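Examining the three-dimensional arrangement
Spelled out from the first residue to the last, the chains are:
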Amino acid sequence: MCLIEFKNVNKSFKIYHNKSYSIKEKFINAILSRSKEKVEKYQVLKNVSFKIKKGQVIGIIGENGTGKSTTLKLISKILYPDSGEIIVKGKVSSLLEIGAGFQPDLTGRENVYLYGSILGISKEEIDKRYNEIIEFAEIEKFMDTAVKNYSSGMYMRLAFAVAVNVDPDILVIDEVLAVGDEAFQKKCMNKILSFKERGKTIVFVSHDMSSVRKICDRVFFIKRGGYLLEGTPEQMIGLYLKLVYSNSEDKKELEEEIEKGKKISFKNKINHNVTLHQAPKYVNDESTYHGNKNLEITKLYFSDKNGHIKNIFETNEDIKINVEFKVNKKTNSAVFGFAIYTEEDVHLSGPNSKQDGLIITDLKENNMFSVTIKNNPFLKDKYYLTAALFDESCQMPFDFREKHYWFQIVESNIIEYGKIRLKCEWNI
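Residues numbered from 1 in each chain as written. Predicted model: local features only at pLDDT ≥ 70, side-chain atom pairs only at ≥ 80, totals over all residues. Heavy atoms only, no water.

Remarks on the overall build of the protein
Each helix and strand counted, the protein has 11 helices and 18 strands in total. By residue count, 46% of the 428 residues in the protein fall in the buried class. Taking as baseline every contact in the protein between residues at least 6 positions apart, the subset at least 24 positions apart corresponds to 72%. Accessible area for the protein stands at about 22300 Å²; split by element, carbon and sulfur atoms hold 47% of it. (Helix = DSSP H or I, 4+ residues; strand = E, 2+ residues; numbered from the N terminus. Buried < 20%, exposed > 50% of the residue type's maximum accessible area, 1.4 Å probe, protein only. Contact = heavy atoms within 4.5 Å. Areas by Shrake-Rupley, 256 points an atom, 1.4 Å probe, with all protein chains shown as cover.)

Below, the structure written as structure tokens:
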């Protein structure tokens, strides 16, 4: 059963230039010959069509200003399209902005009833669910305080608690979960997953790719200019990251294909775009390159144990580091080493092949090898990898690349704090 359908929807906004809002502005614009008002049309959605079925969890991703929040507001009927048709069946609960629908001078208790009424819930229903709402929000002692004195996190807690406890058919969530503390974010995510298990329909906007991967069945990617593409989380996240991190020439080519409506080969253009594994911050810094280049790394990328190329993993998942290098000057042997750092520049580990009893010999013009981090111990975060080829004594670097590569660990069912998971044996 289809609950949400967009049929050839177009939505644009007007951007005014040189518009005068006061006598002073009119006078200054006249003196500077800026009196002529200019109006620019900004296209947010362009001839967009899609269907969302009952029970689906849809993620919407894209750069800022591309129309993600606008799409949610169209679903919630806060905004209306310029043309096209939008069909929504069922009760919608929307969590679009921090404190949207809250009256600052009213108390938290009063705002629960106000916000509930905006969502279409009767006072009697809110009476029944009030205790559940407060228990979920965890701010009971502040419920008789005016919400203008709340922090943004408290706003979000209360708004989310009301939105998810009115038992909607469709839950629409914008990028508000990033405001809460880590413990409450986990609680919200678990609530969303419970909605998913109950067959509720969820439309979810986020810049947190790990959350999108974790909860979404399908993902919509909105590109600047109003173009919307739909695919699996892997495909759309890959497309988004490629547009963000690609060089200008590759980015332009891909944008042209999207705008012309060409079918994108995700196998070749997205999943295997190994340059996504490079960290632009360091790759573009000449000071991070060292070595005489007798041997030169031509490619390094990550994959899972089945060879699927990616750089987003879960804790305990095998991480395979694939390396290709060429010989620029005759060399008899080499040692490969790598080091892993946190975003805070903490050095976590630095093994090399010689330590594990392996010297790379029989070198050809082009060479390839891999090393697998078995059951990786890393917890949720972003990590940088330094890669290096040395001579057999490990004293002379052939090619040393400091933090040129990165991978991300997303949250699985492991709830721990820190960077590394320790394997413990408990005896009580």
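Some words on the sheet that holds strand E5 (residues 92-95)
What the six strands build is an open sheet, ordered E5-E6-E7-E3-E8-E9; its pairing is mixed. The two strands at the open ends of the sheet, each matched to only one other strand, are E5 and strand E9 (227-231). Geometrically, the sheet is characterised by an average inter-axis angle of 15° between neighbouring strands, direction not taken into account. Strands E5 and strand E6 (170-173) of the sheet are contacted by helix H5 (residues 152-164), whose axis makes an angle of about 170° with E5. (Pairing = 2+ DSSP bridges. Axes fitted to C-alpha atoms, helices over the stretch in contact; angles between N-to-C directions.)

Considerations on the packing of helix H3 (residues 108-118) against H5
For the pair H3 and H5, the least separation of the axes is 10 Å and the interaxial angle reads 40°. Our classification of the angle between H3 and H5 gives oblique. Considering only the axes of H3 and H5, their crossing is right-handed. Touching Gly-108, Val-112, Tyr-115 and Gly-116 of H3 are Leu-158, Ala-159 and Val-162, all from H5. Here the contact of H3 with H5 is built from residues that sort into five nonpolar, two polar and no charged. (Parallel < 35°, antiparallel > 145°, perpendicular 65-115°, else oblique. Left-handed = near helix turned anticlockwise from the far one by under 90°. Nonpolar A, V, L, I, M, F, W, Y, C, P; charged D, E, K, R; others polar.)

Quick word on H3
Along H3, the residues that are buried comprise Gly-108, Asn-111, Val-112, Tyr-115 and Gly-116. End-on view of H3: buried residues confined to an arc of 135°, all on one side of the axis. Contacts made by the buried residues of H3 are with E5, helix H4 (123-137) and H5. Remark: Gly-120 follows H3 within two positions and exhibits a positive phi of approximately 90°. (Arc of directions from axis to C-beta.)

Overview of the nonpolar core
Side chains of nonpolar character tend, in soluble globular proteins, to be buried together. Ile-61, Val-112, Leu-158 and Phe-160 are the most contacted members of the largest nonpolar core, which has 55 residues in total. Ranked by the residues each element gives to this core, the list is headed by H5, at 10 residues. If we ignore the near neighbours within four places in the chain, the residues touching Ile-61 are Lys-68, Ser-206, Met-209, Val-212, Val-219, Phe-220, Phe-221, Ile-222, Met-236, Ile-237 and Tyr-240. Counting 26 residues, the second-largest nonpolar core is a separate cluster that includes Leu-295, Val-323, Leu-385 and Leu-389. (Core = buried A, V, L, I, M, F, W, Y, C linked by side-chain atoms within 4.5 Å.)

Quick word on the pairing of E6
Both faces of E6 are covered, namely the face carrying Ile-170 and Val-172 and the face carrying Leu-171 and Ile-173. Here E5 pairs with E6 via four bridges, running parallel. The partner of Ser-93 across the bridge, within E6, is Leu-171. Relative to strand E7 (residues 201-205), E6 runs parallel, the two sharing four bridges. The residue bridging Ile-173 from the neighbouring strand is Phe-204, located in E7.

Topic: the packing of aromatic side chains
Counting across every chain of the model gives 17 aromatic pairs. Seen in terms of ring centroids, Phe-302 and Phe-407 are 5.4 Å apart; in terms of plane orientation they differ by 65°. Their pairing is edge-to-face. Placement of the pair is Phe-302 in strand E11 (residues 295-303) and Phe-407 in strand E18 (residues 397-410), with a sequence separation of 105 residues. No difference in accessibility class separates Phe-302 from Phe-407, as the two residues are buried. A connected cluster of aromatic rings, assembled from ring pairs, spans Phe-102, Tyr-115, Tyr-150 and Tyr-155. (Phe/Tyr/Trp six-rings, centres within 6.5 Å; stacked < 30°, edge-to-face > 60°.)

Considerations on helix H2 (residues 68-75)
Counting buried positions along H2 yields six of eight residues, so the element is predominantly enclosed. Inspection of H2 places Lys-68, Thr-70, Thr-71, Leu-72, Leu-74 and Ile-75 among the buried residues, and these make up the whole buried set. Where H2 ends, the next residue or the one after it, Lys-77, has phi of about 65°, a positive value.

Side note on the packing of H3 against H4
Interaxial distance between H3 and H4 falls to 10 Å at its minimum, and their mutual angle equals 125°. The orientation of H3 relative to H4 falls into the category oblique. Note on packing geometry: the crossing formed by H3 with H4 is right-handed. Only Lys-123, Ile-126, Asp-127, Tyr-130, Ile-133 and Ile-134 of H4 make contact with H3, whose side of the interface consists of Arg-109, Val-112, Tyr-113, Gly-116 and Ser-117. Across the contact of H3 with H4, the residue classes tally to six nonpolar, two polar and three charged.

What to know about unusual backbone geometry
Not every positive phi belongs to a glycine, and Asn-8 is a case in point at roughly 50°. Residue position: Asn-8 is located in strand E1 (residues 2-17). A relative accessible area of 44% places Asn-8 in the partly exposed class.

A word on the side chain of Ser-93
Tracing the sequence through the fold places Ser-93 in strand E5. For Ser-93, the side chain forms a polar contact with the main-chain oxygen of Ala-163, separated by 2.8 Å. Excluding residues that lie within four positions of it along the chain, Ser-93 makes contacts with Leu-119, Ala-163, Val-166, Pro-168, Ile-170, Leu-171 and Val-172. (Polar contact = N/O pair within 3.5 Å; in protein donor to acceptor, adjacent residues only side chain to side chain.)

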